[in-house]
Structures are given as C-alpha cells and as structure tokens.
Number of protein chains: 2
Amino acid sequence: MPKIELNAIEQLNRTGYPPPFDQAVAGRHVRRLAPATGLSDFGVSEVTLDPGAWSSQRHWHDGEDEFMVMVEGEAVLVEDDGRTLMRPGDLAAWPKGSTNGHHLLNDSDQPCRFVVFGGGTCTGGGYSDIDMLFDADGRYTRKDGTPYDAVRR
Amino acid sequence: MPKIELNAIEQLNRTGYPPPFDQAVAGRHVRRLAPATGLSDFGVSEVTLDPGAWSSQRHWHDGEDEFMVMVEGEAVLVEDDGRTLMRPGDLAAWPKGSTNGHHLLNDSDQPCRFVVFGGGTCTGGGYSDIDMLFDADGRYTRKDGTPYDAVRR
C-alpha cells in the first residue's frame, strides 16, 4: 500500500495512568498505525508531543522490544545514564527485560513527532521514577503489590 | 540504551540475487540494527541508497509484515498502483500476504536513507517484475520451480 495518509487515522489523546501520573502525558497524541494498515506482526504508533509533554512515565517492558525513529522536531531521551537529544533521523532501541527505563520529553517550544515500534508479548514492566508497575493484564500496582484503581490502555 | 551510534555498526553492501538482478542493488548499503542493539522481536535495518540504486527487486513477503520510515532525502515507492514520492517523515506499511509488490528507487542525485522493519516468519515470497520467487529456506527459483544458482541473504 502507498504512503500512509496520517490525517485519515484517528489521533488518540488518552491514558490509563492513575492521577497524578496522567498529567505528564496530557499533551501526547498517538495514532495506532498497525491495525489501521493491516499489520499484526509488530505494533507501530506515530506519537506527537506538544511542548512540555512526555511520551510516558519513564518505563521498561519485561517482554517487549521497542524501537523509535525521530521524524520531526526535537525530544530529550531520558534513561538511567542521563539525557540524549534526539533529532530527525536519530534512532533508539530498548531491548525487553532491561530495567533501564526510558521516555521522551518535549522540552522545546515546538511539537515533536516520532514513530515507535513494539514486538513480543506483554508480560508486564515497571516505572523507574514512580511507585508503579504494570502486569500482563494491564493492571497497575504499587511496588508492594497494592493495586491502583486504573487500567493500562 | 541511548541514541544508536550508526557509524559504529557495519554497513553491508551485498546481495544474494542472481545476475543480472543484482545490478539494481549495487548501490544499496544496509545496517542490521536489531542484532546490534539486542532486539529479537522484529528486524530493523537502516538502508542508504546511492543515486540510481534500488532497495530491492520489487517484491512481497507471504509471511512477514514490513513497515518503513523515510528519514533523509527522497525515494520513489513503486507498487502495482503506481509511484509515490517519499520524503522525510513519510511512512508506508506492507502487510504480509499481499502480492502487491513494493520497492524504493533513488531517482534523485543525492543519497537517501530510510529505516525498514520486518516481523513474522519467512515463508517465502515473490518478485513482481522478474521471473523469480524465494522460499522459506532462502532459495531462489523461477516461477516454474527451476532453481537459480543463488541463495538469499
């Protein structure tokens, strides 16, 4: 199929994060491209971040590889090791099972845009900077196992 | 892990295509990013095409979804339906099983660069414009089943 007409695909602006963790992603807009284009072997999303928005809370996946391609504007990649400026054409990979959490912040005054890929099977994961984990069924818990009243989506 | 240092990853310039089909990809340079970054849930390659080079013979996969992100320069996507100019930030998806073959041509006078993703299982596929198929074991045959003396790689 030819070039994807992004404007024809719904842009989602939602999160399952319990408050107050939802605030950081209020300016995140996501198009889920795999179902829209008939792909099922991996997930693909186009993500646009308004100035100030985060891609997610800083997180890792126990069972899913991730990869990103920066396509427009600038974002800051934050990991255990520090911060990296990502510009169009820059790439990053996050192997499943590493607990070195990652996320992208738009610290600029313009929107930024990237494409993110995910494969494997959701077996849970966690968040580096807050007291939260997620399980294979999308439930959020504190690190002591007590649940949040929220479901990942 | 932080931004991928592409210059640290070997750039391959080879093909298993039997002659004369190998000529079109002589100016194609590929970095295989999944093994280099510890990913196994899907394949990822950075592809650079010299002016005049093709990404591949026009092909399809029976069992593997593909997706591409254009990151630098311009390429022409060719499919059954015609030609589409791809510029940085443009995206295309090719669901497995569709026999609408695709490839990218660098018809410009500058190098172009894109990132391509593949998932699923190799069960074979074919080529739209030449008398060739490939099987799950990487063998090339003519459409009547007679083999070429060449192995896909």
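See the structure printed just above.
On a predicted model such as this, the values are computed, not experimentally measured, just so you know. (Residues numbered from 1 in each chain as written. Chains lettered and ligands numbered in written order. Predicted model: local features only at pLDDT ≥ 70, side-chain atom pairs only at ≥ 80, totals over all residues. Heavy atoms only, no water.)

All names here are of chain A. Enumeration over the complete set of coordinates arrives at 22 salt bridges over all chains. Of the charged contacts, one joins Arg 139 and Asp 135 as a salt bridge, the two residues approaching to 3.0 Å between their closest N and O atoms. Asp 135 sits in the partly exposed class, given a relative accessible area of 22%. Close ionic contact of Asp 137 with Arg 139 constitutes a salt bridge, the shortest N to O distance being 3.1 Å. (Salt bridge = Lys/Arg side-chain N within 4 Å of Asp/Glu carboxyl O. Buried < 20%, exposed > 50% of the residue type's maximum accessible area, 1.4 Å probe, protein only.)

What follows concerns the relation of the copies chain B and chain A. Placing chain B over chain A gives an RMSD of 0.0 Å and needs a rotation angle of 180°, together with 0.0 Å of translation along the axis. Viewed as a symmetry operation, the transformation between the two copies matches a two-fold axis. (Least-squares fit on C-alpha atoms with pLDDT ≥ 70 in both.)

The subject of this paragraph is the environment of Leu 6 of chain B. Tracing the backbone through its elements, the reader meets Leu 6 of chain B in the segment before strand E1 (28-32). Classification of Leu 6 of chain B by relative accessible area gives buried; the value is 16%. Among all residues touching Leu 6 of chain B, those that are not within four sequence positions of it are Leu 91 of chain A together with Arg 31, Leu 33, Glu 46 and Arg 113 of chain B. (Helix = DSSP H or I, 4+ residues; strand = E, 2+ residues; numbered from the N terminus. Contact = heavy atoms within 4.5 Å.)

Taken together, the contacts link 39 residues of chain B with 39 residues of chain A. Around 3,000 Å² of area is buried between chain B and chain A when both sides are counted, 65% of it from carbon and sulfur atoms. Ranking the residues of chain B by area buried against chain A places Lys 3, Asp 41 and Leu 91 of chain B at the top, with a combined share of 20%. Remark: the boundary between chain B and chain A carries four salt bridges. Linking Asp 90 of chain B and Lys 3 of chain A is a salt bridge whose minimum nitrogen-to-oxygen distance equals 3.8 Å. Where chain B touches chain A, the interface holds 10 residue pairs in polar contact (both at pLDDT 80 or more). (Buried area = accessible area lost by both parts, 1.4 Å probe. Polar contact = N/O pair within 3.5 Å; in protein donor to acceptor, adjacent residues only side chain to side chain.)

These figures capture arrangement, not role.
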